[in-house]
Amino acid sequence: MADPMLALKEKLAEFGYDSQENHDYAVQCYLTNPTLHVRCLNIEGDAGRRRTAFSHALAQALEANHVLYFEFGAEPQKPQFVRVQAGEEVVAEPPTSGFDRIMTEACALSEAEKTVLIIDQMHKAPFREHIRLYEFIKSNVWSYSDVRFFANVSNLQIHMISDEPIYHSLQQHSFKIRVGANTQESGFPMLADVGLDEGSVVWLNALNKLLEQLGVSPSLQQYRRLVFDVANYVRSREQLRISIFGWIENVDYNRLAARVTEPFLDEVLHALLTSMSVHEEIELITDPQEAPPYG
């Protein structure tokens, strides 16, 4: 039987997180290290909301039956008032917080089925909630007022996302994983990976130089989409710009449209013309007043 972790990158892409980063080993460490407590994943990095996308996709890829989401700062607490006598108001006991509700739901669902709870924006949480979460991880029991809820540690996982360091003791019970805004993996897919023959090498190499100039390293899925456009539709600078901006994440459009990038665009188009089996004129200029780059 094939190792399901080998397809993790593809599964993450299927569920909305498309990246060249390879998290197989990190996730394997997170899932297999022995523990008597609820497994906690601390998702760090400079990827902003992509961390949330990663967390949700990972939960789906691991076939969780329930994926719960809570974001600190999205539910402002308002004091509740009750009228005792005409003209007199006192503050009532506050209602159950959204965090308490989501924690109790996670505990209840974990009794019988795999459940992942994503806790986002933890830097906005009162520090006491970090401490309560740490106490929960130690005891596997969530309590408030006079009620207690027990988690099934075999079924429950918690993913934490914060722009600032989480409580030190809480981190000691968590596995950290980094999700970056830009991949650290170098290189581009091979011809076979994108379904091209040897005749495409010339323009594919030129396209890779252009992507390097733009400072991007697309995922396999993004790369395949772009290559399909280039092979079938792209016949001008503007069309090439549109396809790159349309498919490739984190492209700076100002950099893509800058004059310094034009020679790299032209190199792709010239290489594409050379590789074509039929003679087809490729218009390299978008401004009709510009002189054509070739006769």
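Our structure's up above, just so we're on the same page.
Description of the structure in this document.

Quick look at the pairing of strand β5 (residues 115–120)
With respect to burial, β5 is a largely interior element, six of its six residues being buried. Side chains Thr115, Leu117 and Ile119 project from β5 onto one buried face, and the interleaved Val116, Ile118 and Asp120 project onto a second face that is buried too. Bridge count between strand β2 (residues 66–71) and β5: six bridges; the pairing is parallel. Note that in β5 the partner of leucine 68 across the bridge is leucine 117. As paired strands, β5 and strand β8 (residues 156–161) are joined by five bridges and run parallel to one another. Paired with leucine 117 across the two strands is isoleucine 158, which belongs to β8.

Observations regarding the pairing of strand β6 (residues 141–144)
The pairing of β6 with strand β7 (residues 147–150) spans four bridges and is antiparallel. When the sheet's bridge partners are listed, tyrosine 144 is paired in β7 with valine 147. Following β6, the chain reverses through two residues before pairing antiparallel with β7; serine 145 in that reversal takes a positive phi of roughly 50 degrees.

Describing helix α8 (residues 201–214)
The terminal C-alpha atoms of α8 lie 20 Å apart, and with 14 residues this matches the ideal 20 Å at 1.5 Å per residue to within 8%. For α8, the full list of buried residues reads Trp203, Leu204, Ala206, Leu207, Asn208, Leu210, Leu211 and Leu214. Count one or two residues on from α8 and you reach glycine 215, which has phi positive near 75 degrees.

Section: the environment of threonine 96
Relative to the assigned elements, threonine 96 resides in the loop between β4 (88–91) and α4 (98–110). A sequence separation of 48 residues divides threonine 96 from tyrosine 144, and the C-alpha atoms of the two residues are 8.9 Å apart. If we skip the residues at most four places from it in the chain, threonine 96 touches Arg101 and Tyr144.

Considerations on the packing of α4 against helix α5 (residues 127–139)
Two elements in contact, α4 and α5, have axes whose closest approach is 13 Å; the angle formed by their N-to-C orientations is 15 degrees. Between α4 and α5, the angle is such that the two are roughly parallel. The way α4 lies across α5 gives a crossing that is right-handed. Where α4 approaches α5, its residues Phe99, Asp100, Met103 and Cys107 are matched on the opposing element by Glu129, Arg132, Leu133 and Phe136. When its residues are assigned to classes, the contact of α4 with α5 shows five nonpolar, no polar and three charged.

What counts as what
Every residue gets a number counted from 1 within its own chain, in the order that chain's sequence is written. The predicted nature of this model means local features are confined to residues of pLDDT at least 70 and side-chain atom pairs, given and counted, to a pLDDT of 80 or more, with totals for whole chains, interfaces and linings taken over all residues. To get the side-chain values, all heavy atoms of the structure are used, and hydrogens and water are removed first. Throughout this description, buried means an accessible area under 20% of the type-specific maximum (1.4 Å probe, protein chains only), exposed means over 50%, and partly exposed covers the range between. Secondary structure elements are defined from DSSP: runs of H or I of at least 4 residues count as helices, runs of E of at least 2 residues count as strands, and each element is numbered from the N terminus. By definition, two strands form a pair when at least two bridges between them are found by DSSP. A helix's residues, less one, multiplied by 1.5 Å, set its expected span. Pairs of residues are marked as contacts when any of their non-hydrogen atoms sit within 4.5 Å. Only the stretch in contact is used when a helix axis is fitted, and all axes are lines through C-alpha atoms; the angle between N-to-C directions ranges over 0 to 180 degrees. Our angle categories are set so that under 35 degrees counts as roughly parallel, over 145 as roughly antiparallel, 65 to 115 as roughly perpendicular, and the remainder as oblique. The sense of a crossing depends on the near helix, which, turned anticlockwise from the far helix by less than a right angle, makes the crossing left-handed and, turned clockwise, makes it right-handed. Three residue categories are used. Nonpolar comprises Ala, Val, Leu, Ile, Met, Phe, Trp, Tyr, Cys and Pro, charged comprises Asp, Glu, Lys and Arg, and polar comprises the others, including Gly.

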